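Residues per chain are reported as follows:
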Amino acid sequence: YASPWMMGRGSLNTLTSELKGRGYKLTAVVDQFVRGVADGETVEFLLKPEDGVVLYSSSSAPSKFSLYDPRRQLESILSGAGFESAGGDTGEAKKEGFVGELKAFYGMQSGKGWEDVLEE
């Protein structure tokens, strides 16, 4: 899971230009939806101007070993197209990698506030 990005100064035109500039072949551009494919990776973006957010996903062919980080690639594309990070899922989960993701899933990032949960 990754939090949505804010529209900022980004638009459908800036996004398609950014994808083309990075070598993606656009396989779908419908209303506010864009799909691009490059090197076995598919990225999809749904712009929701009425809500001011951009939703996105990425998929790629599985490999035995890869240092590829799809989240960083998507963030790079979005920031290059003028969109702004909402910053919702950064922080400890990102700093600590896999362990941080587990902590975030189980709600153990800092330990603050757990007393309130138990008292209810």
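Since this is a predicted model, take the numbers as computed values, not measurements.

K.L.:
Mind showing me how you'd approach the nonpolar core here?
P.N.:
Burial of nonpolar side chains together is a common tendency in soluble globular proteins. Residues Leu15, Leu19, Phe45, Leu47, Val54, Leu78 and Phe83 are the most contacted members of the largest nonpolar core, which totals 18 residues. Excluding residues within four positions of it along the chain, Leu47 makes contact with Met7, Ser11, Leu12, Leu15, Gln32, Val53, Val54 and Phe83.

K.L.:
Sorry if this is basic, but what is going on with helix α2 (residues 70–80) here?
P.N.:
Residues spaced three or four apart along an α-helix point in a common direction, a consequence of the helix completing one turn every 3.6 residues. Of all the positions in α2, only Leu74, Glu75, Ile77 and Leu78 are classed as buried. For α2, the angular spread of buried residues about the axis comes to 160°, placing them on one side. Backbone geometry just downstream of α2 places Gly82 in the positive-phi region, at approximately 95°.

K.L.:
How should I be thinking about the sheet that holds strand β6 (residues 84–85) in this particular structure?
P.N.:
Think of a sheet as strands paired side by side through backbone hydrogen bonds, with each pair either parallel or antiparallel. Pairing is antiparallel across the open sheet formed by six strands, whose spatial order is β2-β3-β4-β5-β1-β6. Two strands close off the open sheet at either side, each with one partner strand: β2 (25–30) and β6.

K.L.:
Is there a simple way to think about the confidence of the model for the protein chain in this case?
P.N.:
As a general rule, the predicted coordinates of low-pLDDT regions are not to be interpreted in detail. Mean pLDDT over the protein chain stands at 77; residues scoring 70 or higher make up 64%. The low-confidence segment residues 90–94, where pLDDT is below 50, has nine contacts with residues more than four positions distant or belonging to other chains.

K.L.:
Is there a simple way to explain the environment of Tyr56 in this structure?
P.N.:
Positionally, Tyr56 belongs in strand β5 (residues 53–60). Each C-alpha atom, one on Tyr56 and one on Phe45, is 4.3 Å from the other, the two residues being eleven residues apart in sequence.

K.L.:
What should I look at first to understand the pattern of salt bridges in this one?
P.N.:
When their charged atoms lie close together, side chains carrying opposite charge are able to pair. Under the defined criterion, the tally for this structure stands at three salt bridges. Its salt-bridge partner being Glu18, residue Arg22 comes within 2.7 Å of it at the nearest N-O pair. Classification of Arg22 by relative accessible area gives partly exposed; the value is 33%. For Glu18, a relative accessible area of 18% puts it in the buried group. Of the charged contacts, one joins Lys48 and Asp51 as a salt bridge, the two residues approaching to 3.8 Å between their closest N and O atoms.

K.L.:
How should I be thinking about the environment of Val34 in this particular structure?
P.N.:
Within the secondary structure, Val34 sits in strand β3 (residues 33–38). Owing to a relative accessible area of 0%, Val34 belongs among the buried residues under this scheme. C-alpha of Val34 to C-alpha of Glu44: the two residues are ten residues apart in sequence and 5.7 Å apart in space. If we skip the residues at most four places from it in the chain, Val34 touches Leu12, Leu15, Thr16, Leu19, Leu26, Ala28, Val29, Val43, Glu44 and Phe45.

K.L.:
Explanation requested: the side chain of Glu18 in the structure shown.
P.N.:
Of note, Glu18 is situated in helix α1 (residues 12–21). A polar contact of 2.7 Å, which involves the side chain of Glu18, links it to the side chain of Arg22. Leave out the neighbours within four places in its chain, and Glu18 touches Ser76, Ile77, Gly80 and Ala81.

So, how was this worked out
Position labels on residues start from 1 in each chain and follow its written sequence. In keeping with the predicted nature of the model, local features appear solely for residues at pLDDT of at least 70, side-chain atom pairs appear and are counted solely at 80 or more, and the whole-chain, interface and lining totals rest on all residues. Hydrogens are left out, water is left out, and the side-chain values use all remaining heavy atoms of the structure. What is meant by a nonpolar core is a set of buried Ala, Val, Leu, Ile, Met, Phe, Trp, Tyr and Cys residues, joined one to another through side-chain atoms within 4.5 Å. Each residue is assigned to one of three classes by its accessible area relative to the maximum for its type, calculated with a 1.4 Å probe on protein chains only: buried under 20%, partly exposed between the two thresholds, exposed over 50%. By definition in these notes, contact holds between two residues if any of their heavy atoms fall within 4.5 Å. Secondary structure elements follow DSSP: runs of H or I of four or more residues count as helices, runs of E of two or more count as strands, with numbering from the N terminus. Arc, as used here, means the arc of the directions from the helix axis to the C-beta atoms. At least two DSSP bridges between two strands are required for those strands to pair. Scored from 0 to 100, pLDDT reflects the predictor's confidence in each residue. The rule for a salt bridge is simple: a side-chain nitrogen of Lys or Arg has to be within 4 Å of a carboxyl oxygen of Asp or Glu. N or O atoms within 3.5 Å of each other form a polar contact, as long as, within protein, one can give a hydrogen and the other can take it, and as long as residues adjacent in sequence are counted only when both atoms are side-chain atoms.

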